[in-house]
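Coordinates in review
Listed below, chain by chain, are the residues.
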Amino acid sequence: MPCLRDWLREAPFTLALSSGFFGFFAHSGAIGVLEEEGLLPARLCGSSAGALAGGLWGAGLPAARLREELLALRRQDFWDPGFGLGLLRGRLFRERLRALLPVATFEQSPRPLAFSAYDLGSRRTVVLRSGPLADAIHASCAAPVLFQPVRLAGRLLTDGGVRDRHGLAAAGPEERVLYHHLTSRSPWRRSGSPALRIPERPGLQAVATEGVPRLGPFRLSRAAEAVACAAAGMRAALDRPV
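Rules used in this analysis
- Per-chain numbering applies: the sequence of each chain, read as written, is numbered from 1 onward.
- Totals for whole chains, interfaces and linings use every residue, but because this is a predicted model, local features are given only for residues with pLDDT of at least 70 and side-chain atom pairs only at 80 or more, for both listing and counting.
- Values reported for side chains reflect all heavy atoms of the structure, with hydrogen atoms and water molecules removed beforehand.
- Residue exposure (1.4 Å probe, protein chains only): buried if accessible area is under 20% of the type maximum, exposed if over 50%, otherwise partly exposed.
- Starting at the N terminus, helices and strands are each numbered in turn, a helix being any DSSP run of H or I of at least four residues and a strand any DSSP run of E of at least two.
- The arc under discussion is defined with respect to the helix axis, by the directions toward the C-beta atoms.
- Here, two residues are considered to be in contact whenever any of their heavy atoms come within 4.5 Å of each other.
- As used in this record, nonpolar core signifies buried Ala, Val, Leu, Ile, Met, Phe, Trp, Tyr and Cys residues forming a set joined through side-chain atoms within 4.5 Å.
- Within 6.5 Å between ring centres, the rings of Phe, Tyr and Trp (the latter by its six-membered ring) count as paired, and their orientation is classed by plane angle as stacked under 30 degrees, edge-to-face over 60, tilted in between.
- Strand pairing is assigned whenever DSSP identifies at least 2 bridges connecting the two strands.
- Throughout, right-handed denotes a crossover for which the path from the first strand over the helix to the second runs clockwise when the strands point away from the viewer.
- Under this definition, polar contacts are N or O atom pairs within 3.5 Å; protein pairs additionally need one hydrogen-donor-capable and one acceptor-capable atom, and for neighbouring residues in sequence, both atoms have to be side-chain atoms.

1. What about helix H5 (residues 91-100)?
Looking only at H5, the buried set comprises Phe93, Leu97 and Leu100. Mapping the buried residues of H5 onto a view down its axis gives an arc of 70°, with all of them on the same face. Buried residues in H5 make contact with helix H3 (49-58), helix H4 (63-71) and helix H6 (133-140).

Written as structure tokens, this is what we have:
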């Protein structure tokens, strides 16, 4: 019986990474396993934490470097409070993204990328797939209350996980999708929320690892544990039958 590893090698696939606050640590663990196995996606999409991890890796940052940079992250690296509709202005965060990204725009990325963000004006999810990469990742990660909204191309944008927690808005119905799902529940989501369930759709294979610690700006001490837990979960998932 074929396993998930075989399924991924059969044909090109899209990697979709869910939102989940500081879940980019867990995403980096899963990404590292895929790179080690040579299972590289044809394109990437995601929301919030998924946009950050997927965007940096998809733009050409090696998985090991991504993991190292995230594990070196300290609150002061992105902590810039200021007056506005959110605690943090986001300038430090965006500057750090620009320093890490191997390329400046979507168009320069070696793999196609697409990220979800929430348009406060139209009250709907929009997909960002062109223009400055750092600005788009920043917008997709602009968690309400923590970060101030991001003005981009005439729109006021906030965290893509508001309406697209799964980060699948950019994935077409015909695509083969490997979906990495963060299982931790945000305080504002009820336990039975559909956003917390793994979506069902043709051509989608999901990997969700239980027990990954939930992190945040004041809870970064278990970041290495989150990376290792998600990596172990991805390794185990690659051997499961499909």
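2. Concerning the nonpolar core
Ranked by size, the top nonpolar core spans 69 residues in total, and within it Leu8, Phe24, Phe25, Leu52, Leu128 and Leu178 carry the most contacts. At 9 residues, helix H7 (residues 223-238) tops the list of elements feeding residues into this core. Apart from the residues within four sequence positions on either side, Leu52 is in contact with Phe24, Leu70, Phe93, Leu97, Ile137 and Cys141. Grouped together as the second largest cluster of nonpolar side chains are 10 residues, Cys45, Leu168, Val177 and Leu204 included.

3. Here's the deal with the packing of aromatic side chains
Using the criterion set out here, one finds 8 aromatic pairs in the structure. A ring pair is formed by Phe22 and Phe24, whose centres lie 5.2 Å apart and whose planes are at 40°; its orientation type is tilted. Look at Phe22 and you get buried, because its relative accessible area is 8%. Looking at Phe24, the relative accessible area reads 7%, which means it is buried.

4. Brief notes about the pairing of strand S1 (residues 14-17)
The two faces of S1 match: Thr14 and Ala16 on one face and Leu15 and Leu17 on the other face are all buried. Here S1 runs beside strand S2 (residues 43-47); their pairing, made up of 4 bridges, is parallel. If you follow Ala16 over to S2, its bridge partner there is Cys45. Viewed along the sheet, the connection from S1 through helix H2 (residues 24-37) into S2 turns out right-handed. Across 4 bridges, the pairing between S1 and strand S7 (residues 177-181) is parallel. Of the residues in S7, the one forming a bridge with Leu15 is Leu178.

5. Description of the side chain of Ser140
Tracing the backbone shows Ser140 in helix H6. Using a relative accessible area of 0% as the deciding quantity, one classes Ser140 as buried. Here Ser116 takes part through its backbone oxygen, which lies 2.6 Å from a polar atom of the side chain of Ser140. Excluding anything up to four places from it in sequence, Ser140 contacts Gly46, Ser47, Ser48, Ala51, Phe115, Ser116, Ala117, Asp159 and Gly160.

These figures capture arrangement, not role.
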